[in-house]
Amino acid sequence: MSGPSLAGRLALVTGASRGLGEAVARRFWEAGASLLLVSRREADVRRVAESLPPRSGQTATGAGVDLSQSDISPADRLLPVLDGFGRPLDILVNNAGVQGPIGPLSSAGPTWAGWVETIRVNLLAPARLIADLAPRMADGGVIINVAGGGATGPRPNFSAYAASKTAIVRLTECVAEELRGRRIRVLALAPGVLPTAMLREVAAAGAEAAGEREVASARRALEANDATALDRAARCAVWMASDAAAGITGRLISAVWDPWPTLGDRAGEIGQSDLYTLRRIVPRDRGLDWGDPVDSGTATRS
Ligand SMILES: NC(=O)c1ccc[n+]([C@@H]2O[C@H](COP(=O)([O-])OP(=O)(O)OC[C@H]3O[C@@H](n4cnc5c(N)ncnc54)[C@H](OP(=O)(O)O)[C@@H]3O)[C@@H](O)[C@H]2O)c1
């Protein structure tokens, strides 16, 4: 096997029954990791686990958990299964996600229940999994939170999805600092446009709800059905989880637009900077001098 190794590591991947989660599971397996795969339908993740080619010293299984039930800790179901592996968890991939309601927030289109469910699955569940599982993770472990469209710029008609994905990037930055002392790295992955069930929802929603640009982009990606897009994002996840990304934490990395295979060489430089983070842009950042801040004498910069 070429590429970064995850030999001997134990990884939990949510949303692994199909799409990106399944692609990540397959690449992690190839890189040497044992796997606990999670989605609502246990039969589906078990089928993925059972389809992996046998590899000496590695085991994979699946567990069914509905991550929209944020009042119930998913860890209640997952900890006993994790115990069965006989080693601490090394890698947590918060990949499960839903598109949520499509259409203007103020229109009759998006249902409030759908808005809330999106925040539950895309934000609260990852936060809860980190809260409950990080204390049980091995020092030096890695948490990967899958971000998505709308995290770094406005995405009209996808307010729940975009808000959840922006929040998970900030969650990544916060938790990265909190877990620095245990050398647990926390990264957000922007996987790019992927031909999955999620994109089919965008195409089916139509231009009136989703917007013409969104529907055209979704249709293009679905027609191209480019399997390399999924694999590129999965390989980026392997890189993040491996020692090749040592020293890089609290950052949002794009599988498509960033030169991630070589970023490990720049870990020091990245750590000293605000590169690959979410920040507010002010006139000074664009070379504009719009005057001094008001009453800045006693203020501290945040
Ligand atoms: N597709 C894209 O263009 C794109 C772009 C950027 C980011 N992303 C992100 O990539 C990640 C994977 O998306 P995908 O495109 O692979 O979507 P997908 O094919 O729809 O897969 C979503 C996965 O999440 C699981 N899931 C959904 N709701 C769940 C719940 N309540 N509890 C547990 N599991 C649940 C699904 O399994 P069950 O239905 O069996 O539960 C499935 O395994 C998501 O975080 C998404 O936001 C996707």
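Each value, and the rule that gives it
Residues numbered from 1 in each chain as written. Predicted model: local features only at pLDDT ≥ 70, side-chain atom pairs only at ≥ 80, totals over all residues. Heavy atoms only, no water. Helix = DSSP H or I, 4+ residues; strand = E, 2+ residues; numbered from the N terminus. Rg over C-alpha atoms; globule rule 2.2 N^0.38 Å. Buried < 20%, exposed > 50% of the residue type's maximum accessible area, 1.4 Å probe, protein only. Contact = heavy atoms within 4.5 Å. Areas by Shrake-Rupley, 256 points an atom, 1.4 Å probe, with all protein chains shown as cover. Lys, Arg positive; Asp, Glu negative; His and termini not counted. Charge placed at Lys NZ, Arg CZ, Asp CG, Glu CD. Core = buried A, V, L, I, M, F, W, Y, C linked by side-chain atoms within 4.5 Å. Salt bridge = Lys/Arg side-chain N within 4 Å of Asp/Glu carboxyl O. Pairing = 2+ DSSP bridges. Axes fitted to C-alpha atoms, helices over the stretch in contact; angles between N-to-C directions. Parallel < 35°, antiparallel > 145°, perpendicular 65-115°, else oblique. Left-handed = near helix turned anticlockwise from the far one by under 90°. Near = heavy atom within 4 Å. Polar contact = N/O pair within 3.5 Å; in protein donor to acceptor, adjacent residues only side chain to side chain. Nonpolar A, V, L, I, M, F, W, Y, C, P; charged D, E, K, R; others polar. Right-handed = clockwise from strand over helix to strand, strands pointing away.

Secondary structure assignment for the protein yields 9 helices and 7 strands. The C-alpha radius of gyration computed for the protein amounts to 20 Å, which stays within 12% of the reference 19 Å derived for 302 residues, consistent with globular compactness. Judged by the C-alpha coordinates and their principal axes, the protein covers about 65 × 45 × 40 Å. Considering the protein as a whole, with its 302 residues, one finds that 50% of them fall into the buried category. Here the analysis covers contacts within the protein between residues at least 6 apart in sequence; of these, 72% occur between residues at least 24 apart. Counting only carbon and sulfur atoms, one obtains 52% of the accessible surface of the protein, whose full area is about 15100 Å². When the 34 basic and 32 acidic side-chain charges of the protein are each reduced to a single mean position, those positions are 2 Å apart.

Ranked by size, the top nonpolar core spans 44 residues in total, and within it Phe 28, Leu 35, Leu 37, Ile 144 and Trp 239 carry the most contacts. In terms of residue count, helix H8 (residues 227–241) provides more of this core than any other element does, 10 residues in total. Aside from chain neighbours lying at most four places away, what touches Trp 239 is Pro 4, Ala 244, Ala 245, Ile 248, Ile 253, Trp 260, Pro 261, Leu 263 and Gly 264. Counting 36 residues, the second-largest nonpolar core is a separate cluster that includes Ala 96, Ile 130, Ile 184 and Leu 278.

A word on the pattern of salt bridges. Tallied over the full model, the rule gives 18 salt bridges. Note that Glu 22 is salt-bridged to Arg 26, the shortest N-O span being 2.9 Å. One end of the pair is Glu 22 and the other is Arg 26, both in helix H1 (residues 19–30) and 4 residues apart, which spans about a single turn.

Moving on, we get to the sheet that holds strand E7 (residues 251–254). What the 7 strands build is an open sheet, ordered E3-E2-E1-E4-E5-E6-E7; its pairing is parallel. Only two strands of the sheet have a single partner each, and these edge strands are strand E3 (60–64) and E7. Strand-to-strand twist across the sheet, computed as the mean angle between neighbouring axes with direction ignored, equals 20°. The sheet contact formed by strand E2 (residues 34–39) and E3 spans 5 bridges and is parallel. Pairing of Leu 35 across the sheet is with Ala 60, part of E3. Seen against the sheet, helix H2 (residues 42–51) touches E2 and E3 and runs at an angle of roughly 170° to E3. Docked against the sheet, H8 engages strand E4 (89–94), strand E5 (137–146), strand E6 (185–190) and E7, running at close to 165° with respect to E6.

Attention now moves to the packing of helix H3 (residues 74–83) against helix H4 (residues 112–133). The contact between H3 and H4 brings their axes to 10 Å, and the two run at 50°. The orientation of H3 with respect to H4, classified from their angle, is oblique. Of the two possible hands of crossing, H3 and H4 adopt the one that is right-handed. Along its contact with H3, which presents Pro 74, Ala 75, Leu 78, Leu 79 and Leu 82, the element H4 presents Arg 128, Leu 129, Asp 132 and Leu 133.

Here we come to the site of the ligand. Among the 31 residues in the neighbourhood of the ligand, the closest are listed as Ser 17, Leu 67, Asn 95, Tyr 161 and Thr 196. Take Arg 18: an N or O atom from its side chain is 3.1 Å from an oxygen atom of the ligand. Relative to its unbound accessible surface of 880 Å², the ligand loses 97% to contact with the protein. Counting residues per element, the ones that place at least two in the shell around the ligand are H1, helix H5 (159–178) and helix H6 (197–210). Here the element with the most residues in the shell around the ligand is H6; it accounts for 3 residues. Considered class by class, the residues forming the shell around the ligand number 16 nonpolar, 10 polar and 5 charged.

Here we come to the pairing of E5. Along E5, 8 of the 10 residues are buried, which leaves the element largely enclosed by surrounding structure. Pairing analysis gives 5 bridges linking E4 to E5, with the strands arranged parallel. If you follow Leu 89 over to E5, its bridge partner there is Met 137. Alignment of E5 against E6, held across 5 bridges, turns out to be parallel. Opposite Val 142, over in E6, you have Arg 185 as the bridge partner. Of the crossover connections in this fold, the one passing from E5 over H5 to the parallel E6 is right-handed.

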